[in-house]
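# Results of the structural survey
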Amino acid sequence: MKEVARFDLHQRVQHILMASSFVVLAVTGLPQKFDDLAVSQAFIAALGGLDSVRLAHRVAAFVMLFDCAYHVVYLFWLIVVRRRRAFGMVATPQDLRDIFHSLRWFLGLTRTKPAFDRYAYMEKFDYWAVFWGIAIIGGSGLALMFPVAVTAILPGVVIPVAFVAHSDEAVLAVGWIVFVHLFYAHLSPRVFPMDRSIFTGKTPLTVAREHHPRWVARFTEDASKGGSVAGAPADMLASSERGITP
Amino acid sequence: MVKRILAAFGLAIAAYVLWSVLGAATPAVSHPPVPERPDGTYDCASCHGPGAAPRPAEPAPLVPADHVGPKYGADNCLTCHVSVVKASPLAASYATCAACHADTDRTATLKSGEKLVVAVDIKRYLTSVHGDFACTTCHESQETIPHEPLTAEGRREFTREMAELCTTCHKGATASYEESFHGMAARLGVIRAATCTDCHTPHAVQAAANWSLADRAASCATCHSGATESLASGWLGHEEPSAGWFPLVFYAEKFFVGLTAITLGLGIVHVELDLLRWAWDRARRRKEDRP
């Protein structure tokens with residue numbers, strides 16, 4: 001089975017850090033939001049009380065913030081130091097065309113599926129949603145953790161606003177992961193039981209051809225021109241160097 | 001005849017109203033206004049102290065010789081002689097309690113061995129919003145003398161137990177407290193989480209309108225060391241945010257609820273459409289495969 005390299009080691013480690021810290025944050029955060037439920041109270045008591053739950057929540061929060069810093073430094077290194085054109089996640093007009101194409105396809109108005117590039121619009125949305133989520137939940141979480149220090153600089157009203165933002169935005173994040181992200185990564189009949197690429201870094205060429213035909217077309221074309229990677233997404237270089245692994 | 005009966009009725013009602021108004025009126029303070037020192041404490045000694053100048057028009061009895069000991073400090077007169085400044089029908093009951101609780105060093109020992117200061121600054125109490133209540137209105141269990149032993153394990157447990165009393169009358173404030181992060185932490189068993197008296201003090205409760213931002217900040221700072229007026233200004237009090245009260249919080253909540261509903265709604269619709277298209281394709285393929 002031929003495989004295509006899709007994610008490098010840094011990206012895989014970043015996803016594991018993000019996923020594991022997210023699970024800990026959700027599991028320790030939701031019982032605090034829905035604290036009047038008996039199940040929340042039993043869970044908090046089982047973990048040794050609210051202080052232990054908060055400690056776990058804060059440790060996981062710092063892991064997630066570290067992960068985000070790691071990703072930003074990694075991007076800087078990739079783009080500025082190694083001069084790779086790692087802009088595969090940037091939204092383009094093609095994404096807008098793909099959205100309308102998808103809708104027509106869903107509704108049976110066209111016989112062709114949209115031909116996605118390396119990252120489909122849903123993947124881009126997942127990616128950028130983390131930036132928004134970290135800014136809102138991370139920022140408000142720090143305000144709730146250090147209310148005295150934060151109100152020394154900002155007006156006091158930021159604390160109740162942070163409380164609302166932290167708790168409501170967290171429901172959005174958990175809802176999105178459970179209902180949308182887990183569907184596309186696990187439950188969708190096209191990938192069931194799971195899409196392993198984010199852990200192994202590789203995806204079968206047949207799968208890549210089906211889901212990301214424009215991407216495959218681009219690097220096979222480049223490869224046919226004598227292995228040049230010009231035009232291919234820059235962070236694919238490592239995999240392109242290895243080419244399509246048999 | 002009818003007119004006479006009506007007149008008699010009218011007279012009776014008028015007499016009843018007059019009687020209830022006069023009967024309910026609080027007795028006036030017979031003592032002349034008490035001079036205050038620059039620090040706000042009552043200066044009883046200027047008339048009743050040993051060196052006080054004689055006042056033929058308003059003779060003032062000197063402090064009796066048996067009034068010696070820790071509870072008879074210079075500022076403690078009002079603890080027993082409260083009717084001098086406050087004409088409360090309940091004022092008389094203070095004297096019984098004050099006989100012991102005016103002693104500022106007085107402590108009780110809790111089960112854990114912790115000492116609990118059981119003295120009350122009577123002047124601050126009288127000017128607090130609860131100043132018209134007798135001690136036993138809240139401290140019902142202390143009606144018998146000698147008192148029943150305290151049931152609380154330690155000081156925090158005692159504070160939490162006493163805060164339960166506040167909830168008897170302050171229903172609305174209790175409901176909003178339960179919604180706050182302090183209330184949530186308290187419900188989940190964090191014993192140090194702030195409760196009623198931690199912010200409002202036990203015996204010097206001020207009406208919210210008379211409570212300065214500096215005083216609020218000082219209350220916050222008892223737990224959140226270094227708390228400024230800026231932090232205190234963000235406290236919602238016991239009111240839900242609305243368009244007129246903390247509008248920023250109110251609209252932030254609306255924004256995030258809307259954002260969550262729209263984003264999750266679109267995401268779920270996308271998933272469902274995708275799934276339907278897959279099921280449709282599969283059904284069609286099966287139909288085509290059939291001989």
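Remember, it's a predicted structure, so these values are computed and weren't measured experimentally.

## With respect to the interface of chain A and chain B
- Listed as interface residues are 44 residues of chain A and, on the opposing side, 42 residues of chain B.
- Summed over both partners, the interface of chain A with chain B comes to about 3800 Å²; 72% of that surface belongs to carbon and sulfur atoms.
- Looking only at chain A, the three residues that lose the most surface to chain B are F106, V148 and L172 of chain A, adding up to 15% of its buried area.
- Scanning the region where chain A abuts chain B turns up three salt bridges.
- Two residues, D35 of chain A and R187 of chain B, come together in a salt bridge whose shortest N-O distance is 2.6 Å.
- Linking chain A with chain B are ten residue pairs in polar contact (both at pLDDT 80 or more).

## Considering the packing of aromatic side chains
All names here are of chain A.
- Enumeration according to the criterion identifies 14 aromatic pairs over all chains in this entry.
- Taken together, a centroid distance of 5.0 Å and an interplanar angle of 85° make the contact between Y127 and W128 edge-to-face.
- Using a relative accessible area of 18% as the deciding quantity, one classes Y127 as buried.
- Exposure remark for W128: the relative accessible area of 40% places this residue in the partly exposed category.

## Digging into the side chain of Q32 of chain A
- Here Q32 of chain A shows up in helix α1 (residues 9–33).
- Apart from residues lying up to four places away in sequence, Q32 of chain A is in contact with L50, V53, R54 and H57 of chain A together with M184 of chain B.

## Considering the confidence of the model for chain A
- Averaged over chain A, the pLDDT score is 88; the fraction of residues at 70 or greater is 90%.
- Between residues 226–246 of chain A, whose pLDDT stays under 50, and residues either more than four places distant or in other chains, the model counts 42 contacts.

What counts and what doesn't
Residues numbered from 1 in each chain as written. Chains lettered and ligands numbered in written order. Predicted model: local features only at pLDDT ≥ 70, side-chain atom pairs only at ≥ 80, totals over all residues. Heavy atoms only, no water. Contact = heavy atoms within 4.5 Å. Buried area = accessible area lost by both parts, 1.4 Å probe. Salt bridge = Lys/Arg side-chain N within 4 Å of Asp/Glu carboxyl O. Polar contact = N/O pair within 3.5 Å; in protein donor to acceptor, adjacent residues only side chain to side chain. Phe/Tyr/Trp six-rings, centres within 6.5 Å; stacked < 30°, edge-to-face > 60°. Buried < 20%, exposed > 50% of the residue type's maximum accessible area, 1.4 Å probe, protein only. Helix = DSSP H or I, 4+ residues; strand = E, 2+ residues; numbered from the N terminus. pLDDT = per-residue confidence, 0-100.

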